Amino acid sequence: MSGCVFCGIVASEVPAFRVADGPDGVAFLDTRPVFKGHVLVVPRTHLISLSDLPTDALPGYFRLVQRLAVAVESGLGAGGTFVAMNNKVSQSVPHLHTHVVPRTKGDGLRGFFWPRTRYADDTEAQGYADRVAAALSPDAA
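These figures come from a predicted structure and were not determined experimentally. (Residues numbered from 1 in each chain as written. Predicted model: local features only at pLDDT ≥ 70, side-chain atom pairs only at ≥ 80, totals over all residues. Heavy atoms only, no water.)

Student: Would you mind going over the overall build of the protein with me for this structure?
Tutor: Scanning the protein from terminus to terminus reveals 3 helices and 5 strands. Tracing the protein from N to C terminus, the helices and strands come up as α-β-β-β-α-β-β-α. Residues classed as buried in the protein amount to 31% of the 141 residues present. Roughly 9500 Å² of accessible area belongs to the protein as shown, and the carbon and sulfur atoms make up 56% of that amount. (Helix = DSSP H or I, 4+ residues; strand = E, 2+ residues; numbered from the N terminus. Buried < 20%, exposed > 50% of the residue type's maximum accessible area, 1.4 Å probe, protein only. Areas by Shrake-Rupley, 256 points an atom, 1.4 Å probe, with all protein chains shown as cover.)

Dropping the structure here:
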């Protein structure tokens, strides 16, 4: 898509520190990493959110994300990884992308991304669970 920086990276028109490039997606270093080694994984086609990713592309894309999570951990000697995705809200680039962030014990990343809250009671929690369950498409069960 014209004007999309991630599409430009996929097309090799925009420079990036590539980590992987294959039919299921492209992975490259985030230019503003949470921690050094923070990788972004994007599908080759321009999609905005996870719901836009075709069902037949899910296994390949998430296998690539999984491989990157293992590579970030082993390649950087990290204690683990944080894998996350924003859909529409908080996407600095409106192109589907998954963050793979190296983590180490004591790295200071606590509650950095989300404020925490509580349900008033079990009834309220069950109400939210019921609303989400009712909205599931039949093939998601």
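Student: Quick question: what am I supposed to make of the packing of aromatic side chains here?
Tutor: Where two aromatic rings form a pair, the distance of their centres and the angle of their planes describe that pair. For the coordinates displayed, the defined rule picks out 2 aromatic pairs. Pairing Phe6 with Phe28 gives two aromatic rings, centres 5.4 Å apart and planes at 65 degrees, and the pair type is edge-to-face. Placement of the pair is Phe6 in helix H1 (residues 5-10) and Phe28 in strand S2 (residues 25-29), with a sequence separation of 22 residues. Both residues of the pair, Phe6 and Phe28, belong to the buried class. (Phe/Tyr/Trp six-rings, centres within 6.5 Å; stacked < 30°, edge-to-face > 60°.)

Student: Where do I start with the pairing of strand S3 (residues 39-42) in this structure?
Tutor: Looking along a regular strand, one sees side chains alternate from face to face of the sheet. Of the two faces of S3, both are covered, the one formed by Val39 and Val41 as well as the one formed by Leu40 and Val42. When S2 meets S3, the two strands line up antiparallel, connected through 4 bridges. Within the sheet, the bridge partner assigned to Ala27 lies in S3 and is Val41. (Pairing = 2+ DSSP bridges.)

Student: Can you help me understand the pairing of strand S4 (residues 80-84) in this one?
Tutor: Of the two faces of S4, the one holding Gly80, Phe82 and Ala84 is buried and the one holding Thr81 and Val83 is not buried anywhere. Bridge count for S4 against strand S5 (residues 98-103) is 5 bridges, and the pairing is antiparallel. From the neighbouring strand, Ala84 faces S5, where its bridge partner is His99.

Student: What exactly am I supposed to notice about unusual backbone geometry here?
Tutor: Leave glycine aside and you will find that most residues have negative phi; peptide bonds, for their part, are mostly trans. One non-glycine residue with positive phi stands out, namely Ser12, at about 65 degrees. Structurally, the position occupied by Ser12 is in the loop between H1 and strand S1 (18-22). You can call Ser12 exposed: its relative accessible area is 54%.

Student: Would you take a moment to explain the sheet that holds S4 for this structure?
Tutor: Pairing between the strands of a sheet comes from backbone hydrogen bonds, and it takes one of two forms, parallel or antiparallel. Spatially, S1-S2-S3-S5-S4 is the arrangement adopted by the 5 strands of the open sheet, whose pairing is antiparallel. Across the chains shown, the open sheet's two edge strands, defined by having one partner strand only, are S1 and S4. For this sheet, the mean angle separating the axes of adjacent strands, direction not counted, is 15 degrees. Sheet strands in contact with helix H2 (residues 58-76) are S1, S2, S3, S4 and S5, and its direction is about 20 degrees off that of S5. (Axes fitted to C-alpha atoms, helices over the stretch in contact; angles between N-to-C directions. Contact = heavy atoms within 4.5 Å.)

Student: Even after reading the chapter, I still don't get H2, so can you show me in this structure?
Tutor: Residues separated by three or four positions in an α-helix point in the same direction, a consequence of the helix having 3.6 residues per turn. The first and last C-alpha atoms of H2 sit 27 Å apart over 19 residues, in line with the 27 Å expected at 1.5 Å per residue. Residues Tyr61, Leu64, Val65, Leu68, Ala69 and Val72 constitute the buried set of H2. Across the axial projection of H2, the buried residues extend over an arc of 140 degrees, all falling on one side. Facing away from the buried surface of H2 by more than 90 degrees, the exposed residues are Pro59, Val70 and Ser74. Buried positions along H2 lie against S1, S2, S3, S4 and S5. Where H2 ends, the next residue or the one after it, Gly77, has phi of about 65 degrees, a positive value. (Expected span 1.5 Å × (residues − 1). Arc of directions from axis to C-beta.)

Shape is all these values report; function is a separate question.
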